[in-house]
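# Examination of the molecular architecture
In case you want the letters, here they are:
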Amino acid sequence: MRAGLVLLSLAYVLSQFFRAFLAVLSGPLALDIGATPDDLALASGLMFVTFAAMQLPVGWALDRVGPRRTAAVLMLLGAGGGAALFALATSPLHINLAMVLIGIGCSPVLMASYYIFARQFSAARFATLAAVMLGVGSFGNLVASYPMAWAAETIGWRAALWGLGGISVAVAFGVLALVRDPEAVKGEARGSLLDLLRMPVIWTILPLMFVAYAPAAGLRGLWAGPYLRDVFGLDTVQVGQATLVMGMAMIAGTFAYGPLDRVFKSRKWVIFTGNVICAAALLTLMFWPDRSLGLSIALLAVIGLAGSTYPVLIAHGRAFFPTHLAGRGVTLLNLFGIGGAGVAQFASGPLFASAATAGALAGYTALFALFAFALVIGLVIYLFSRDSMD
C-alpha cells in the first residue's frame with residue numbers, strides 16, 4: 001500500500017500542476033492562439049466545474065469499485081488525453097476541451113487517497129494524513145510556476161504539454177499496478193448521498209467549503225499572472241518566480257495545518273482563524289492593489305499560506321460521516337470545494353472584463369473584492385458549525 005500511496009501522491013502532484021499552470025502560460029497562449037485572460041478564466045472554470053461534477057460518480061465508484069481502478073482509468077483517459085489535446089490546441093476552444101478532459105482525469109486522485117485514509121486510519125489521524133498528501137501534491141504548484149515558465153521559454157509550451165501527457169499515462173499505469181483497494185465494508189449498510197445531505201451539521205460546513213479554496217486556487221491558478229504582468233510589468237519568467245513564492249506558501253500552509261487541530265484541540269477555530277487572515281489579506285489587496293510589487297507578492301503568499309485550510313475542512317466534515325459513506329462523504333465535500341473554485345473562475349472572467357473598462361487596476365480590485373466578500377459570508381455561516389473534536 002505504501003508504494004500505491006506514493007503513486008497517488010505523484011498523481012496528485014500532476015493534479016495540482018494542471019490547476020495552476022495557466023497562470024504562467026497566459027503570455028505565450030495569447031501570442032500563439034489569441035487566448036485572452038477571459039478565455040483562460042473560462043478554461044480554468046471548466047476544469048474546476050468538471051472536476052467538481054465528477055465527484056458524485058467518483059464517490060459512488062470509490063465505495064463500489066474501489067480507488068485503484070477509479071483513479072487509474074480516469075487519469076489515463078482524462079489527464080493523458082487532455083494534455084495531448086492541449087499540446088495540439090490552435091484556438092481557445094481546444095484549450096476549453098482539453099481542460100474539461102483534464103478535470104475528469106484529475107477528479108479521483110486526491111479522493112482515492114482520502115478514501116484509503118478514511119477506511120484504514122482513525123478519524124483523529126485523518127487531518128494530518130490528508131494534509132501531508134495535499135502538501136506533497138502541492139509541489140505541483142511549484143512545477144507550474146517558474147519551472148513551467150522556463151520550459152515554455154526553452155522548449156515551448158507544446159513540447160512541455162506532450163511531456164506531461166506522457167508522465168500522466170505512466171503514473172496512471174503505476175496506480176493500476178501498485179494501489180491496493182481497502183477491504184469492502186461488511187454488512188448490508190449502503191446508504192446514499194441523501195443520507196449525508198440530511199445531516200444538519202454538514203450544512204454549516206459546506207458554505208465555507210464552497211468559498212475557502214477559491215481565492216488561492218483562482219489567484220495562483222490564473223489571475224496572479226495577468227495581475228502581476230498588467231499592474232507591475234513582469235515578464236513570463238518573473239511571473240513564474242513570483243507565483244513560485246505563493247506556491248511555496250501554499251505548501252507550507254498545508255503542512256502546517258495538518259497537526260494544528262490536535263495542538264489546539266479544535267478544528268473549527270483553526271479553520272476559522274486561518275480564513276479570517278486570508279480574508280484580511282484579500283481586503284488589503286482590494287484597497288491597495290498597486291502599492292508595491294513586494295507587498296502584493298507578500299499578500300499573495302499570505303493568501304496561499306493562511307488559505308490552505310482545505311484538508312482540515314475535509315477532516316471536520318469527515319468526522320461526522322459513517323464508514324459505509326466515507327467515499328461519498330469526502331467527495332461531497334470536495335465537490336463543494338472544487339465547485340466553488342470553478343464557479344469563482346466563471347464569475348471572475350466577466351467580472352474582470354466589465355470592471356476593466358475603467359482600467360485593468362479596477363478589474364483586479366473587483367476580483368479581490370469578489371474573493372474577499374465571498375469568504376466573509378462563508379465564515380459567518382461557519383460560526384454556527386459544531387466542532388468535530390468536541
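The structure we're discussing is the one just above.
Predicted, not measured: the structure shown is a model, and the values here were computed from it.

## Section: the packing of aromatic side chains
Aromatic ring pairs are defined here through the distance separating the ring centres and the angle between the ring planes. Under the counting rule described, the total for this entry stands at 16 aromatic pairs. Here Tyr 227 and Phe 232 contribute two aromatic rings whose centre-to-centre distance is 5.9 Å and whose plane-to-plane angle is 85 degrees, an arrangement assigned as edge-to-face. Residue classification places Tyr 227 among the buried residues on the basis of a relative accessible area of 1%. On the accessibility criterion, Phe 232 (22% relative accessible area) is partly exposed. Ring geometry for Tyr 227 and Phe 368: centres 5.2 Å apart, planes at 90 degrees, overall edge-to-face. With Tyr 227 in helix H14 (residues 214-232) and Phe 368 in helix H20 (residues 360-382), the pair connects residues that are 141 residues apart, well separated along the chain. Overall, the relative accessible area of 2% leaves Phe 368 in the buried class. Cluster of aromatic residues (ring-pair linked, three or more members): Trp 223, Tyr 227, Phe 232, Phe 352, Tyr 364 and Phe 368.

## Concerning helix H6 (residues 92-106)
For H6, built from 15 residues, the straight-helix expectation of 21 Å at 1.5 Å per residue is met to within 8% by its first-to-last C-alpha distance of 21 Å. Turning to H6, its buried residues are Ile 95, Asn 96, Ala 98, Met 99, Ile 102, Gly 103, Gly 105 and Cys 106. The elements touched by buried residues of H6 are helix H1 (2-20), helix H2 (22-33), helix H3 (37-53), helix H5 (67-87) and helix H7 (109-120).

## Some words on the packing of H3 against H6
Axis separation between H3 and H6 bottoms out at 7 Å; the angle between their running directions is 25 degrees. Between H3 and H6, the angle is such that the two are roughly parallel. Seen from above, H3 lies across H6 with right-handed handedness. Here Asp 39, Leu 42, Ala 43, Leu 46, Met 47, Thr 50 and Phe 51 of H3 lie close against H6, whose contacting residues are Pro 92, Ile 95, Asn 96, Met 99, Val 100, Ile 102, Gly 103, Ile 104 and Cys 106. Across the contact of H3 with H6, the residue classes break down as 12 nonpolar, three polar and one charged.

Calculation notes
- Residues numbered from 1 in each chain as written.
- Predicted model: local features only at pLDDT ≥ 70, side-chain atom pairs only at ≥ 80, totals over all residues.
- Heavy atoms only, no water.
- Phe/Tyr/Trp six-rings, centres within 6.5 Å; stacked < 30°, edge-to-face > 60°.
- Buried < 20%, exposed > 50% of the residue type's maximum accessible area, 1.4 Å probe, protein only.
- Helix = DSSP H or I, 4+ residues; strand = E, 2+ residues; numbered from the N terminus.
- Expected span 1.5 Å × (residues − 1).
- Contact = heavy atoms within 4.5 Å.
- Axes fitted to C-alpha atoms, helices over the stretch in contact; angles between N-to-C directions.
- Parallel < 35°, antiparallel > 145°, perpendicular 65-115°, else oblique.
- Left-handed = near helix turned anticlockwise from the far one by under 90°.
- Nonpolar A, V, L, I, M, F, W, Y, C, P; charged D, E, K, R; others polar.

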